[in-house]
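In case you want the letters, here they are:
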Amino acid sequence: MNDNAFEKSPLTLLGLGAMGTALARAWLAAGHPLTVWNRGPGRAEPLAAEGALVAPTAAEAVAASGLVVVCLLDDASVDETLTDVDLAGKDLVDLTTSTPAQARARAAWARERGARFLDGGIMAVPPMIGAPGSGAYVFYSGSRPLFDAHHDVLAVPAGTSYVGEDAGFAALHDVALLSAMYGMLAGISHAFALVRKENIDPTTLAPLLADWLVAMTPSVHASAAQLADGDYARGVVSNLAMQVAGSATLLRTAEEQGVSSELLTPYLALMKRLLADGRGNESTTGVVDLLVR
Ligand code: FVH
């Protein structure tokens, strides 16, 4: 084996915000030759001191490597940055958060310019990047040959999860997980609001809340199994009729504690609609049917 076999592959990174900088540091620490570009000045300087090559323009940065990773604010900023840049023969990986439709349009746009395209959805915050054991990973979708060719490089800052040739799937998985997170955060807010006026230390409630949420997570798998076979009554432990009856206590408690129920009522209203449809013996999985237009 010659020495070149141990050389790390070079890449270019466009965008040195909080996430871009974390990605850059992970690749530099792993010994990858890295060319960086950022729209505004200042952000590249610390990375230059750590070994990055700083390109004066996005076009020059792109020209420097076959693999080009983009991590900008939004899809519009990707457009602004790459519109006049020659992408022919490049492997473009877009880690900018986008919608599935934006990712699919970006894939077609890249193809028209002679580039292979992979979209990514980052499931991490910057401190988790390049930190072994942090649980950080990135959903990827689009060109499988691109993903396979650069897997070793892409796996440096975070784990990888390839979810299909459809370029929109990474964004879809990303947004599905983030949307679930906001549902959870809404519930946490409501719980803390309920105890706000009492002599209950939020830091005492916190571990109880966290443990309870963890204990309830198997319901994700139960719902998935029911959705897969279409039987929403299979294996039901706490049926909808009981839960709707119980929800009156939740609403009344909110009122007693002087807490708005605006985060709870939309979900409870959907449960009530299912009950009115005669589905009281089922779980709450049927809410999915009501949401899909
Ligand atoms: N930070 C996070 O917690 C989340 C975690 C999950 C994934 N997101 C997404 O990652 C993308 C980048 O996020 P970021 O954290 O790096 O964001 P900022 O620190 O705000 O940096 C934004 C960079 O984008 C550049 N930029 C903005 N507008 C333009 C434009 N029109 N043309 C060219 N570049 C642009 C900005 O440059 P500058 O302001 O320094 O000149 C920064 O480099 C994002 O999609 C998250 O949703 C992060």
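Please read these numbers as outputs of a predicted model, since none were measured by experiment.

**A word on the site of the ligand**
In the region of the ligand, 22 residues are neighbours, and Asn38, Arg39, Gly40, Arg43 and Thr97 sit closest. The side chain of Arg43 places a nitrogen or oxygen atom 2.6 Å from an oxygen atom of the ligand. Within the contact set of the ligand, an oxygen atom lies 2.8 Å away from a side-chain nitrogen or oxygen of Thr97. Protein contact buries 76% of the 890 Å² of open area that the ligand shows by itself.

**A closer look at the pairing of strand β6 (residues 116-123)**
Buried residues dominate β6, accounting for seven of its eight residues. Bridging between strand β5 (residues 91-94) and β6 involves four bridges; their strand directions are parallel. In the strand pairing of β6, Leu92 is matched with Phe117. This β-α-β element, β5 to helix α5 (residues 100-112) to β6, shows right-handed connectivity.

**What to know about the packing of aromatic side chains**
Going through the model one piece at a time under the given rule, you end up with three aromatic pairs. Seen in terms of ring centroids, Tyr137 and Phe139 are 5.0 Å apart; in terms of plane orientation they differ by 85 degrees. Their pairing is edge-to-face. Look at Tyr137 and you get partly exposed, because its relative accessible area is 26%. You can call Phe139 buried: its relative accessible area is 6%. Arranged with centres 5.1 Å apart and planes meeting at 35 degrees, the rings of Phe147 and Tyr162 form a pair that is tilted. Highlighted residues: Phe147 in helix α6 (residues 144-149) and Tyr162 in strand β8 (residues 159-162), separated in sequence by 15 residues. A network of ring pairs unites the aromatic residues Tyr140, Phe147 and Tyr162 as a single cluster.

Criteria and cut-off values
Per-chain numbering applies: the sequence of each chain, read as written, is numbered from 1 onward. Reporting in this predicted model follows two pLDDT cut-offs: at least 70 for local features of residues, and 80 or more for side-chain atom pairs to be given and counted; totals over whole chains, interfaces and linings ignore these cut-offs and use all residues. Side-chain calculation: all heavy atoms of the structure are included, whereas hydrogens and water are not. In this text, near means that some heavy atom of the residue lies within 4 Å of the molecule or strand in question. Any pair of N or O atoms that falls within 3.5 Å is considered a polar contact. Within protein, one atom must be able to donate a hydrogen and the other to accept it, and sequence-neighbouring residues count only if both atoms are side-chain atoms. To measure how exposed things are, a 1.4 Å probe is used in the Shrake-Rupley method; for residues, cover is taken only from the protein chains shown. Note on exposure labels: buried denotes an accessible area under 20% of the residue type's maximum, exposed denotes more than 50%, and partly exposed covers the range between, all computed with a 1.4 Å probe on protein chains only. Each helix is a run of H or I in the DSSP string that is no shorter than four residues. Each strand is a run of E no shorter than two, and both are numbered from the N terminus. Note: two strands are recorded as paired if DSSP finds a minimum of 2 bridges between them. Look down the strands so they point away from you; if the path from the first strand over the helix to the second goes clockwise, the crossover is right-handed. Only the six-membered ring of Trp is used, alongside the rings of Phe and Tyr, when aromatic pairs are assigned; centres must lie within 6.5 Å, and planes under 30 degrees apart are stacked while those over 60 apart are edge-to-face, with the rest tilted.

Keep in mind these values describe shape, not function.
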